[in-house]
Amino acid sequence: MWEALDQAKQSPPKPSNYRVGALLVDGDTGEVMVRGYTLELEGNTHAEQCCLMKAAQAHDLPEERVGEVLPPNTVLYTTMEPCSMRLSGNLPCVDRIIRTKDANGKPLVKKVYLGVKEPEKFVGENKGRAKLEEHGIECIHIPGLEKEILEVATAGHEK
Ligand SMILES: Nc1nc(=O)c(N)c(NC[C@H](O)[C@H](O)[C@H](O)COP(=O)(O)O)[nH]1
Ligand SMILES: [Zn+2]
């Protein structure tokens, strides 16, 4: 989770979102395959979205087909739980994760390790984890970095 936090620190502070870092990791080897952070790619992009887009772009594929080129036991580390609703109206990361299938037609991402739940500042309670679990994607909270993660995430917010 430290490495995901390092990614979040690269995100430009903004009052209307959180600075989040994410990694796509090979669940069998532990190798970090893709790193990403909020607003890394142009447009109003989220960290998890950037990971999926970067991996897809590296293989000239659209984001939703990235499961064709990543190992079936792919896991996601994200400092903040994936969004299930976005004020901008963009496709939430929970939906992006669920729609990305592996070669066997199952969701590519098998586990989501998250550092903190999303605070209820922008969209009320984030119900994304239940939706991920419904699709067989296990969500696991990794405790211990909550303070640092939230400090980084809200750095662009008015004090
Ligand atoms: N997990 C996660 N990764 C991110 O990279 C990010 N920025 C958020 N932030 C969640 C927050 O709810 C939304 O940022 C606001 O709802 C505004 O929505 P936009 O980001 O403008 O689409 N959450
Ligand atoms: Zn998101």
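Note that the structure is predicted; figures quoted are calculated from it, not measured.

Enquirer: I'm lost on the site of ligand 1 in this one. Help?
Expert: Lining the immediate environment of ligand 1, one finds 19 residues, of which Asn44, His46, Arg86, Ser88 and Glu118 sit closest. The contact in question runs from a nitrogen atom of ligand 1 to an N or O atom on the backbone of tyrosine 18, over 3.0 Å. Take leucine 87: an N or O atom from its main chain is 3.1 Å from an oxygen atom of ligand 1. Taken by itself ligand 1 offers 500 Å² of open surface, and the protein chains cover 98% of this. Its residues placed into classes, the shell around ligand 1 shows nine nonpolar, six polar and four charged.

Enquirer: Looking at this structure, I do not really get the coordination of the zinc ion (ligand 2). What am I missing?
Expert: In an ideal tetrahedron of four donors about a metal, each angle is 109.5 degrees. In an ideal octahedron of six donors, the angles are 90 or 180 degrees. Bound to the zinc ion (ligand 2) are the protein donor atoms His46 (ND1), Cys83 (SG) and Cys93 (SG), situated 2.0 to 2.2 Å from the metal. As a motif over one chain, the donors of the zinc ion (ligand 2) read H-x36-C-x9-C. Placement of the pair is histidine 46 in the loop between β2 (32-37) and α2 (47-57) and cysteine 93 in helix α3 (residues 93-99), with a sequence separation of 47 residues.

Enquirer: Whenever I open this one, the environment of glutamine 10 confuses me. Can you help?
Expert: For glutamine 10, the location among the structural elements is in the loop between α1 (2-8) and β1 (21-26). For the pair glutamine 10 and valine 152, spaced 142 residues apart in sequence, the C-alpha separation works out to 9.6 Å.

Enquirer: Honestly, the pattern of salt bridges in this entry has me stumped. Any pointers?
Expert: When the charged atoms of two side chains with opposite charge come close together, those side chains can pair. Applying the stated criterion across every chain, the model contains 14 salt bridges. Here glutamate 68 makes a salt bridge to arginine 65, at a shortest N to O gap of 2.8 Å. The class for arginine 65 is partly exposed, based on a relative accessible area of 39%. Close ionic contact of lysine 110 with aspartate 102 constitutes a salt bridge, the shortest N to O distance being 2.9 Å. A single network of salt bridges, built from pairs that share partners, joins Glu63, Glu64, Arg96 and Arg99.

Enquirer: I'm lost on the packing of aromatic side chains in this one. Help?
Expert: To describe a pair of aromatic rings, one takes the distance between the centres and the angle between the planes. Scanning the model with the defined rule gives two aromatic pairs in all. Considering the side-chain rings of tyrosine 18 and phenylalanine 122, the 4.9 Å spacing of their centres and the 65° angle between planes classify their relative orientation as edge-to-face. Highlighted residues: tyrosine 18 in the loop between α1 and β1 and phenylalanine 122 in the loop between β4 (109-116) and α4 (128-134), separated in sequence by 104 residues. Between tyrosine 77 and tyrosine 113, the ring centres sit 4.6 Å apart and the planes meet at 20°, which makes this aromatic pair stacked. Residue tyrosine 77 is found in strand β3 (residues 74-80), and its partner tyrosine 113 is found in strand β4; the two are separated by 36 residues along the sequence. Neither tyrosine 77 nor tyrosine 113 differs from the other in exposure class; each is buried.

Conventions adopted
- Residues numbered from 1 in each chain as written.
- Chains lettered and ligands numbered in written order.
- Predicted model: local features only at pLDDT ≥ 70, side-chain atom pairs only at ≥ 80, totals over all residues.
- Heavy atoms only, no water.
- Near = heavy atom within 4 Å.
- Polar contact = N/O pair within 3.5 Å; in protein donor to acceptor, adjacent residues only side chain to side chain.
- Areas by Shrake-Rupley, 256 points an atom, 1.4 Å probe, with all protein chains shown as cover.
- Nonpolar A, V, L, I, M, F, W, Y, C, P; charged D, E, K, R; others polar.
- Donors = N, O, S within 2.8 Å, 3.2 Å for Na, K, Ca; no water.
- Helix = DSSP H or I, 4+ residues; strand = E, 2+ residues; numbered from the N terminus.
- Salt bridge = Lys/Arg side-chain N within 4 Å of Asp/Glu carboxyl O.
- Buried < 20%, exposed > 50% of the residue type's maximum accessible area, 1.4 Å probe, protein only.
- Phe/Tyr/Trp six-rings, centres within 6.5 Å; stacked < 30°, edge-to-face > 60°.

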